[in-house]
Amino acid sequence: MQGIWIYSEDSTIAKQLLTAGLNLKEAMNQPLGVITLDAGQAKSLIDSGADKVVVLKGENNWPESYAEAIGKFAVQEETGVLLVGGTLRGKDLAAKVAVSLDAALVTDAQSIKAANGSLETTRLMYGGLAVCTEQVSLPAVLTVPPSNFEEAKPVEGRKGETSTIDVSEFDQRISVNEVCPIVRQGVDITTAGKIVCVGRGISQKEDLKIAEELAQAMGAEIACTRGIAEDYHWLPEERYIGISGQKVKPEVYISIGVSGQVQHVAGIRDSKIIVAIDSNEKAPIFEAADYGIVGDLYEVVPMLTAALGKK
Ligand SMILES: Cc1cc2nc3c(=O)[nH]c(=O)nc-3n(C[C@H](O)[C@H](O)[C@H](O)COP(=O)(O)OP(=O)(O)OC[C@H]3O[C@@H](n4cnc5c(N)ncnc54)[C@H](O)[C@@H]3O)c2cc1C
């Protein structure tokens, strides 16, 4: 089996996967290509390390509808490894392509290493409580979470081939009747450099103000635990962090009244500095934290905000 291919409907994620792909290329001594739906990205994907870019051109606007075309292409190319951006759409497509390729499928691979003609991957399991290491034979299809790797650094003027495949056949079994876009309220916390995260230690919605003042003093975004968004509806759902929410990687993350259950901590692992404020010294968040303040958030947070305000 040969050839390493990358696919994502999002070209930023494709460039992140190129970082992993370039490591595999070096270890496996095989060419590295990217399959894209966006012809306008071909040059920058080559600059970022792709030897080949294949543009799929078709009339269908649903990225997952290209699974069959990608599957056929992967078989024809005798693909050894296909890295797929682990968005919801990417995961849907990866499963179908793995069937076409009769390949092993690993979802949410966090590290990928070539090892004796196979791959060694790691991924989190049991809500982030354990790391699962797997030996995967080739061909293999791997989905990789967005932001798991930095984008590959572009080198202006790198050489590579671009070709186009016209796709005209799509699976007719699913038709879209209506599209209801999710209305996003505010910023994308996955790209925030500083985060103040509130948990159920805040006893009423009005008290979010304490956290907002701290966030303002720090230039941070407000985020929360699942209960605050899903049960209390005090903040929009796109602001909750964790295994079923957003995965963040800020320079500084400060939690206020967050107990630190594994499902939440799985979303903050990649933060550079974690500061926890909680009244229970045995709260699990202190195990994940670099700095901890044991105390009543209603006393500690205003003091912190005032201290920051003096700077
Ligand atoms: C399948 C599954 C998926 C899940 N996914 C997620 C997820 O993605 N994200 C997520 O966040 N959760 C998730 N959860 C829920 C998770 O298990 C926890 O229940 C949740 O994270 C706890 O939220 P919390 O820390 O806000 O609340 P609590 O666990 O109730 O903690 C509140 C904390 O506030 C402290 N506190 C109380 N009063 C004060 C005060 N005055 N001053 C200072 N501290 C105070 C308490 O000591 C406590 O530590 C999931 C659960 C399941 C089963």
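Numbers given for residues are sequential positions, taken from 1 along each chain in its written order. Thresholds applied to this predicted model are a pLDDT of at least 70 for local features of residues and 80 or more for the giving and counting of side-chain atom pairs; totals over whole chains, interfaces and linings are not thresholded and use all residues. Excluded from the side-chain calculation are hydrogens and water; included are all heavy atoms of the structure.

**With respect to the overall build of the protein**
To be explicit about the condition: Helix numbers and strand numbers start at the N terminus; a helix is a DSSP run of H or I with at least 4 residues, a strand a run of E with at least 2. Buried residues are those whose accessible area, probed at 1.4 Å on protein chains only, stays under 20% of the maximum for their type, while exposed residues exceed 50% and partly exposed ones sit between those limits. We call two residues contacting when some pair of their heavy atoms lies within 4.5 Å. To be clear on the numbers: accessible area is Shrake-Rupley with a 1.4 Å probe, and residue cover counts the displayed protein chains and nothing else.
Each helix and strand counted, the protein has nine helices and 15 strands in total. Along the first, second and third principal axes, the C-alpha set of the protein runs to 65 × 45 × 40 Å. Expressed as a percentage of the 311 residues in the protein, the buried residues total 47%. Excluding contacts between residues fewer than 6 apart, the proportion of contacts in the protein whose partners are at least 24 apart in sequence is 63%. Working note: accessible area of the protein is about 16200 Å², and carbon and sulfur atoms make up 49% of it.

**A short note on the site of the ligand**
Condition: The near set for a molecule or strand comprises every residue that places at least one heavy atom within 4 Å of it. Under the rule applied, a polar contact is a pair of N or O atoms within 3.5 Å (in protein, one hydrogen donor and one hydrogen acceptor; residues adjacent in sequence only if both atoms are side-chain atoms). All amino acids are sorted into three groups, where Ala, Val, Leu, Ile, Met, Phe, Trp, Tyr, Cys and Pro are nonpolar, Asp, Glu, Lys and Arg are charged, and the leftover types, Gly among them, are polar.
Taken together, 25 residues sit near the ligand, with Arg-200, Thr-225, Ser-244, Ser-259 and Asp-278 positioned nearest. In the model, an oxygen atom of the ligand is placed 3.1 Å from a nitrogen or oxygen of the Gly-257 main chain. Here an oxygen atom of the ligand and a side-chain polar atom of Asp-278 are 2.6 Å apart. Its free accessible area being 980 Å², the ligand has 72% of it covered by the protein chains. Broken down by secondary-structure element, the contributors of at least two residues to the shell around the ligand are α7 (262-265) and α9 (297-310). Looking at side-chain class alone, the shell around the ligand contains seven nonpolar, 14 polar and four charged residues.

**What to know about the sheet that holds strand β3 (residues 52-58)**
In plain terms, the rule: Here, a strand pair is defined by DSSP locating no fewer than two bridges between the strands. Between N-to-C directions, angles span 0 to 180 degrees; the directions come from axes that are lines fitted to C-alpha atoms, helices contributing only their stretch in contact.
Strands sit in the order β5-β9-β4-β1-β2-β3-β10 across an open sheet of seven strands; the sheet is parallel. Looking along the sheet, the strands with just one partner apiece sit at the ends: β5 (104-106) and β10 (161-167). Strand-to-strand twist in this sheet, taken as the mean axis angle between neighbours without regard to direction, amounts to 20°. As defined by bridge partners, strand β2 (residues 32-36) adjoins β3 across four bridges and the pair is classed as parallel. Within β3, the residue paired with Gly-33 across the bridge is Lys-52.

**Let's talk about helix α4 (residues 88-101)**
So the rule is basically this: What a helix should span is 1.5 Å times the count of its residues minus one. Throughout, the arc means the angular range of directions from the helix axis out to the C-beta atoms.
Relative to the 20 Å expected for 14 residues at 1.5 Å per residue, α4 spans 20 Å between its end C-alpha atoms, a close match to the ideal helical length. Restricting attention to buried positions, one finds in α4 the residues Gly-90, Leu-93, Ala-94, Val-97, Ala-98 and Leu-101. Along the axis of α4, the buried positions cluster into a sector of 140°, meaning they face one direction only. The exposed set on the far side of α4, more than 90 degrees from its buried face, consists of Leu-88 and Val-99. Of the surrounding elements, those touching the buried residues of α4 are β1 (4-7), α3 (67-76), β4 (81-85), β5 and β9 (140-144). Where α4 ends, the next residue or the one after it, Asp-102, has phi of about 50°, a positive value.

**Re the pairing of β1**
Stated precisely, the cut-off is as follows: Crossovers are marked right-handed if the path from the first strand over the helix to the second runs clockwise, as seen with the strands pointing away from the viewer.
Side-chain alternation along β1 places Ile-4 and Ile-6 on one buried face and Trp-5 and Tyr-7 on a second face that is also buried. Of the strand pairs in this sheet, β1 and β2 are connected by four bridges, and their pairing is parallel. Within the sheet, the bridge partner assigned to Ile-4 lies in β2 and is Leu-32. Handedness of the β-α-β unit built from β1, helix α1 (residues 11-28) and β2 comes out right-handed. Inspection of the sheet shows β1 paired to β4 by four bridges, in the parallel sense. Its bridge partner being in β4, Tyr-7 is matched across the sheet by Val-84.

**Overview of the nonpolar core**
Rules: We define the nonpolar core as a collection of buried residues of types Ala, Val, Leu, Ile, Met, Phe, Trp, Tyr and Cys that are connected through side-chain atoms lying within 4.5 Å of one another.
Within the largest apolar cluster, 29 residues are counted, with the highest numbers of intra-cluster contacts made by Ile-6, Leu-18, Leu-24, Leu-83, Ile-112, Leu-119 and Leu-142. Where this core is concerned, the elements lending two or more residues are β1, α1, β2, α2 (42-47), β3, β4 and β9. Here this core gets seven residues from one element, more than from any other, and that element is α1. In this structure Leu-142 touches Leu-82, Leu-83, Val-84, Val-106, Ala-109, Ile-112, Leu-119 and Thr-121, once residues within four positions along its chain are discounted. Counting 24 residues, the second largest nonpolar core, distinct from the first, contains Ile-210, Ala-220, Tyr-240 and Ile-277.

**Details of the pairing of β9**
Among the five residues that make up β9, five are buried, leaving the element largely enclosed by the rest of the structure. Across three bridges, β5 lies against β9 in parallel orientation. Across the sheet, Leu-105 pairs through a bridge with Val-141, a residue of β9.

**Topic: the sheet that holds strand β14 (residues 273-278)**
Pairing between sheet strands relies on hydrogen bonds along the backbone, with the strands arranged either parallel or antiparallel. Ordered by their spatial adjacency, five strands build an open sheet running β12-β11-β13-β14-β15, and the pairing between neighbours is parallel. Whereas interior strands pair on both sides, the edge strands pair on one side only; in this sheet they are β12 (221-224) and β15 (291-294). Between one strand axis and the next, the sheet turns through 20° on average, direction left out of account. The sheet strands contacting helix α5 (residues 208-218) are β11 (194-198), β12 and β13 (252-256), and the helix crosses β11 at an angle near 170°.

**Focus on the environment of Leu-308**
Mapped onto the elements of the fold, Leu-308 is located in helix α9. Its relative accessible area of 29% is what places Leu-308 among the partly exposed residues. C-alpha of Leu-308 to C-alpha of Gln-216: the two residues are 92 residues apart in sequence and 9.9 Å apart in space. With residues up to four places along the chain from it excluded, the contact list for Leu-308 reads Leu-214, Ala-217 and Met-218.

Nothing here speaks to function; it is geometry throughout.
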